[in-house]
Amino acid sequence: MKKILLGALLAGILAAPAVFAETERGFVSATATANKELAPDTVEISIAVVTYDNKSMQKATLENKELSDKLYNTMKGLITPANGDWVKTSDYSAQPVYVYTNNKRNFDKYEVSNRIIVHTKSIDKAGDIIDQAITLGATNIDNLNFTLSSYEKECDALLAQATQKTRTRAELLVKAAGTAITGTKSISASCNTTGVSQRLMYNMMAKSSVADSEAAMGSSTPIETGVIKIYANVNASYFVK
């Protein structure tokens, strides 16, 4: 009976998978960056038309529609859809406005707001677009956002440069330590940009004076595009022997 139990125990041990402790592998880590400055080739202009009426939401809505339609049609004539340009409504709201007097809420007026985004690669037309919008009744031009259509391509190229830098630095370190790289342990990478977004503060009180002054000078609103700076960051670890 003892021989049978001993034999079964030995058989179970022999049948079990072998477990070996993996020897810890050494590694070296390196970090590198690469960057590039480029002129933006695309701009998005945020234009708002806000209308009010003290008695009728319908009147505020109809007035807004009339102004927005003129603005939309004019903007479409200033862009080139074949280049990927477009005009769209980004936000629309219609609501009553209340004011508080002595902690009491009182109805003030009806407000209708329609926000239009103009996306174009014709950056040189940005000033004309702004002037036309103001002339046609835009009440706010809030923001200009300059971007680069080749951002992904530029990012990939910079990441490749930064990755090569990490390898070069790692090889320099391991050579000084009297060893060598045997493989890649891990790589993490990211791209980011510094801003070229401009906030404009044209409003209902200023729009007519701005339009009149620009018309008198015979020139469009000056726009400085600046540059877009792209940064690529890479952290890499390499196995060594």
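All values derive from a computational prediction rather than experimental measurement.

## Here's the deal with the sheet that holds strand S8 (residues 228-240)
Overall, antiparallel pairing links the three strands, which are arranged S1-S8-S6 in an open sheet. Since the sheet does not close on itself, it has two edges, and those belong to strand S1 (26-38) and strand S6 (181-194), each with one partner. Here the average twist between neighbouring strands, direction ignored, is 15°. Relative to S8, S6 is paired through 12 bridges, and the arrangement is antiparallel. Of the residues in S8, the one forming a bridge with Ala189 is Val234.

## Focus: the environment of Tyr92
If you trace the backbone, Tyr92 turns up in strand S3 (residues 86-101). Residues Tyr92 and Ile116 lie 24 residues apart in sequence; the distance between their C-alpha atoms is 9.0 Å. Residue contacts for Tyr92: discarding those within four places in its chain leaves Thr61, Asn64, Val112, Ser113 and Asn114.

## Some thoughts on the pattern of salt bridges
Under the criterion given, the structure shown has seven salt bridges. Between Glu154 and Lys36 there is a salt bridge; the shortest N-O distance is 3.3 Å. Here the residue Glu154 occupies a position in helix H4 (residues 151-176), and Lys36 occupies one in strand S1, the gap between them amounting to 118 residues. The class for Lys36 is partly exposed, based on a relative accessible area of 35%.

## As for helix H2 (residues 57-78)
The terminal C-alpha atoms of H2 lie 31 Å apart, and with 22 residues this matches the ideal 32 Å at 1.5 Å per residue to within 8%. When we look at burial in H2, the residues that qualify are Ala60, Asn64, Ser68, Leu71 and Met75. When H2 is viewed along its axis, its buried side chains cluster within an angular range of 70° and face the same direction. Of the residues in H2, the exposed ones pointing more than 90 degrees away from the buried face are Gln58, Lys59, Leu62, Lys65, Asn73 and Gly77. The secondary structure elements touched by the buried residues of H2 are strand S2 (42-53), S3, strand S4 (104-120) and helix H3 (126-135). Regarding H2, its N-cap is Ser56, as a side-chain oxygen of that residue lies 3.2 Å from the backbone nitrogen of Gln58 further along.

## Some thoughts on the packing of aromatic side chains
In this description, a pair of aromatic rings is defined by centroid distance and the angle of the planes. A complete count under the given rule lists two aromatic pairs for this structure. When the ring of Tyr98 is compared with that of Phe107, the centres are 6.1 Å apart and the planes differ by 80°; the resulting orientation is edge-to-face. Classification of Phe107 as partly exposed rests on a relative accessible area of 36%. By way of ring pairs, the aromatic residues Tyr98, Phe107 and Tyr110 are connected into one cluster. The positively charged end of Arg105 is found above the aromatic ring belonging to Tyr98, 3.9 Å away from the centroid. Residue placement shows Lys109 over the ring face of Tyr52; its charged tip is 4.4 Å from the ring centre.

Reading the values: the criteria
- Residues numbered from 1 in each chain as written.
- Predicted model: local features only at pLDDT ≥ 70, side-chain atom pairs only at ≥ 80, totals over all residues.
- Heavy atoms only, no water.
- Pairing = 2+ DSSP bridges.
- Helix = DSSP H or I, 4+ residues; strand = E, 2+ residues; numbered from the N terminus.
- Axes fitted to C-alpha atoms, helices over the stretch in contact; angles between N-to-C directions.
- Contact = heavy atoms within 4.5 Å.
- Salt bridge = Lys/Arg side-chain N within 4 Å of Asp/Glu carboxyl O.
- Buried < 20%, exposed > 50% of the residue type's maximum accessible area, 1.4 Å probe, protein only.
- Expected span 1.5 Å × (residues − 1).
- Arc of directions from axis to C-beta.
- Polar contact = N/O pair within 3.5 Å; in protein donor to acceptor, adjacent residues only side chain to side chain.
- Phe/Tyr/Trp six-rings, centres within 6.5 Å; stacked < 30°, edge-to-face > 60°.
- Lys NZ or Arg CZ within 6 Å of the ring centre and 35° of its normal.

Interpretation note: all reported values are geometric properties and have no functional meaning in isolation.
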